[in-house]
Amino acid sequence: MTFRERYLAGEIPFEAIDDYVDEWNGSDDPRTLREFLGLTAEEEDVWIDDSDEALMALLDREKANGTEE
């Protein structure tokens, strides 16, 4: 399961994203980091353009609304 799937399911805290990034950095995985984390393009843009906190807020809204895109 991706970070996004596990976070939206409430299985892991948001801070676990750092572990996923570290895992991706140390791997030969051909996927982009966005794909590895399971983020949508919009989520990636928020993360890059704004902050970790902005991404967490966006994901939390999705979690509260029960919507996974």
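The shown structure was predicted, so the numbers you read here are calculated from the model rather than taken from an experiment.

J.: How would you sum up the packing of aromatic side chains? Please name residues and give values.
T.: Applying the stated criterion across every chain yields a total of five aromatic pairs. Ring geometry for Tyr-7 against Phe-14: centres 5.7 Å apart, planes inclined by 80 degrees, an arrangement best described as edge-to-face. The two residues Tyr-7 and Phe-14 agree in class, both being buried. An aromatic cluster of three or more residues is present, and its members are Phe-3, Tyr-7, Phe-14, Tyr-20 and Phe-36. One cation-aromatic arrangement involves Lys-63 over Tyr-7; the distance from NZ or CZ to the ring centre is 3.9 Å.

J.: Break down the environment of Thr-40 for me, with residues and values.
T.: Relative to the elements of secondary structure, Thr-40 occurs in the loop between α3 (33-37) and α4 (41-49). The exposure class of Thr-40 is buried, given its relative accessible area of 16%. Remark: the alpha-carbon pair of Thr-40 and Ala-16, spanning 24 residues in sequence, is separated by 18 Å.

J.: Could you give an account of the nonpolar core, with specific residues and numbers?
T.: Within the largest apolar cluster, 16 residues are counted, with the highest numbers of intra-cluster contacts made by Phe-3, Ile-17, Leu-37 and Trp-47. Only α1 (3-8), α2 (17-25), α3 and α5 (52-65) provide two or more residues apiece to this core. With residues up to four places along the chain from it excluded, the contact list for Trp-47 reads Ile-17, Val-21, Leu-33, Leu-37, Leu-39, Asp-52 and Leu-55.

Calculation rules
Residues numbered from 1 in each chain as written. Predicted model: local features only at pLDDT ≥ 70, side-chain atom pairs only at ≥ 80, totals over all residues. Heavy atoms only, no water. Phe/Tyr/Trp six-rings, centres within 6.5 Å; stacked < 30°, edge-to-face > 60°. Buried < 20%, exposed > 50% of the residue type's maximum accessible area, 1.4 Å probe, protein only. Lys NZ or Arg CZ within 6 Å of the ring centre and 35° of its normal. Helix = DSSP H or I, 4+ residues; strand = E, 2+ residues; numbered from the N terminus. Core = buried A, V, L, I, M, F, W, Y, C linked by side-chain atoms within 4.5 Å. Contact = heavy atoms within 4.5 Å.

Such coordinate-based values are descriptive only and should not be taken to indicate function.
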